[in-house]
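Each chain, written out:
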Amino acid sequence: MIWFVRVLPLYTKRMVLGILGSGSGSNMQAILDAIGAGTLDARIALVLSDNPDAFILERARNHGIATAVIDCRGFKTKFPEEAQQETADALKAAGVDLVCLAGFLRLVKRPLLDAFPNRILNIHPALLPAFPGLEAWKQALEAGVSETGCSVHYVDEGMDTGPVILQEAVPVLADDTAESLHARIQVVEHRLYPEAVKLAARSL
Ligand code: GRF
């Protein structure tokens, strides 16, 4: 008689992602493309934005993904505590395992961080710890460095300070403008973010 031994778990849960973005959402699109290509076993359950006009919301709706706008109570840059709690509640209600910040322009703090400990990732357009903060590609250009890059990292209470999961260098060319440098960094971002999500998912 032949005995078959089951070596795989009986049930492997597909990872559920929640995305927060303020802008175009090309990194979310890269994650969707990786899911579509079968290289990332996940689904995006909810996309939230602090900007009702952000293209990321339209992209999500075009893919049949639920969206909502975060009410930041009229604050231009602050992410008020009530709004962070509402964001955490919405992500939990959608069954989200891992939160991906994709061009989200507000600083995540408590209580959102506490709701997803070590489960919030961010993509940053520089080789952290170099050039944290806004428009990092412009900072690199102004500093005259010969290379910059991008990093995917866990989010902690600081500004772009959490542990790095993956990063990759991008050369700065002599004739680079802020736009051309950012565009080349984004090409790398789109490959790196789905890979980093996969790595983070393995340690959940
Ligand atoms: C990316 O360059 C990312 O590194 C930064 O914001 C930009 C978002 O671009 N945090 P997109 O909205 O994903 O196109």
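Overview of the structure.

Conventions adopted
Position numbers for residues count from 1 along each chain, tracking the sequence in the order it is written. Two thresholds apply to this predicted model, a pLDDT of at least 70 for residue-level local features and 80 or more for giving and counting side-chain atom pairs, whereas whole-chain, interface and lining totals are computed over all residues. Excluded from the side-chain calculations are hydrogens and water; all other atoms, namely the structure's heavy atoms, are used. For the purposes of this entry, the term helix denotes a DSSP run of H or I that reaches at least four residues, the term strand denotes a run of E that reaches at least two, and both are numbered from the N terminus. Just to be clear, the radius of gyration here is over C-alpha atoms, and the globule rule we use is 2.2 Å times residues to the power 0.38. Each residue's exposure class comes from its accessible area (1.4 Å probe, protein chains only) as a fraction of the maximum for that residue type: buried when under 20%, exposed when over 50%, partly exposed otherwise. We call two residues contacting when some pair of their heavy atoms lies within 4.5 Å. Per-residue accessibility takes into account occlusion by the displayed protein chains alone, with areas from the Shrake-Rupley method and a 1.4 Å probe. Angles here are taken between N-to-C directions and fall from 0 to 180 degrees, while the axes themselves are lines fitted to C-alpha atoms, restricted in helices to the stretch in contact. Working rule for angles: under 35 degrees goes down as roughly parallel, over 145 as roughly antiparallel, 65 to 115 as roughly perpendicular, anything else as oblique. Each residue gets one label: Ala, Val, Leu, Ile, Met, Phe, Trp, Tyr, Cys and Pro are nonpolar, Asp, Glu, Lys and Arg are charged, and the others, such as Gly, are polar. Put simply, a salt bridge is a Lys or Arg side-chain nitrogen that is within 4 Å of an Asp or Glu carboxyl oxygen. At least two DSSP bridges between two strands are required for those strands to pair. Whether a residue is near a molecule or strand is decided by its heavy atoms; if any one of them lies within 4 Å of it, the residue is near. We define a polar contact as two N or O atoms separated by no more than 3.5 Å, with the added condition that, inside protein, one atom must be a possible hydrogen donor and the other a possible acceptor, whereas residues neighbouring each other in sequence contribute only through side-chain atom pairs. Every helix has an expected span of 1.5 Å times one less than the residues it contains.

Some details on the overall build of the chain
Check the secondary structure of the chain and you find six helices and seven strands. In sequence order, the chain lays out its α and β elements as β-α-β-α-β-α-β-α-β-α-β-β-α. What you see for the chain is a C-alpha radius of gyration of 18 Å, in line with the 17 Å of a compact globule of 204 residues. Expressed along its principal axes, the backbone C-alpha trace of the chain runs to roughly 70 × 45 × 30 Å. The proportion of buried residues among the 204 residues of the chain is 46%. Across the chain, contacts joining residues at least 24 apart in sequence account for 64% of those joining residues at least 6 apart. Carbon and sulfur atoms provide 56% of the accessible area of the chain, an area that totals close to 10,800 Å².

Considering the packing of helix 1 (residues 26-37) against helix 2 (residues 55-62)
When two helices pack together, you describe them by how their axes are tilted relative to each other and by the distance separating the axes. Contact geometry for helix 1 and helix 2: axes closest at 9 Å, N-to-C directions at 25°. If you check the angle between helix 1 and helix 2, you find them roughly parallel. Across from Ser26, Met28 and Gln29 in helix 1, the residues of helix 2 making contact are Ile56, Arg59 and Ala60. Taken together, the residues of the contact of helix 1 with helix 2 sort by class into three nonpolar, two polar and one charged.

Overview of the pattern of salt bridges
Taken as a whole, this structure holds nine salt bridges when the rule is applied. Residues Arg110 and Asp114 are paired through a salt bridge, measuring 3.3 Å at the closest nitrogen-oxygen approach. Overall, Arg110 belongs to the exposed group, its relative accessible area being 52%.

Quick notes on the pairing of strand 4 (residues 98-101)
Burial along strand 4 is two-sided: the residues Leu98 and Cys100 and Val99 and Leu101 are all buried. Strand direction decides the pairing type here: strand 1 (residues 15-20) and strand 4, joined by four bridges, are parallel. Bridge pairing links Leu17 to Leu98 in strand 4. Pairing analysis gives three bridges linking strand 4 to strand 5 (residues 120-124), with the strands arranged parallel. Its bridge partner lying in strand 5, Leu101 is registered against Asn122.

Some details on the site of the ligand
Taken together, Ser24, Gly25, Ser26, Asn27, Gly103, Ile123, His124, Pro125, His182, Gln186 and Glu189 make up all the residues around the ligand. The separation between an oxygen atom of the ligand and a polar main-chain atom of Ser24 is 3.4 Å. Between an oxygen atom of the ligand and a main-chain N or O atom of Pro125, the distance comes to 3.5 Å. Here the ligand has 360 Å² of accessible area as a free molecule, and 86% of this is covered by the chains. Sorting the residues of the shell around the ligand by element identifies helix 1, strand 5 and helix 6 (178-202) as the ones contributing at least two each. The element that contributes the greatest number of residues to the shell around the ligand is helix 6, accounting for three residues. A breakdown of the residues in the shell around the ligand according to their chemical character gives two nonpolar, eight polar and one charged.

Some details on the side chain of Ser49
Along the chain, the position of Ser49 falls in strand 2 (residues 42-49). The buried category is assigned to Ser49, whose relative accessible area is 0%. At a separation of 2.7 Å, a polar atom in the side chain of Ser49 contacts the main-chain carbonyl oxygen of Gly21. If near-sequence neighbours (up to four positions away) are discounted, Ser49 is found in contact with Gly21, Ser22, Ala54, Ile56, Leu57, Ala68, Val69 and Ile70.

Notes on helix 1
For helix 1, which comprises twelve residues, the first-to-last C-alpha distance of 16 Å matches the rise-based estimate of 16 Å (1.5 Å per residue) to within 8%. Restricting attention to buried positions, one finds in helix 1 the residues Ser26, Asn27, Met28, Gln29, Ala30, Ile31, Leu32 and Ala34. Downstream of helix 1 by one or two residues, Gly38 has phi in the positive range, about 80°.

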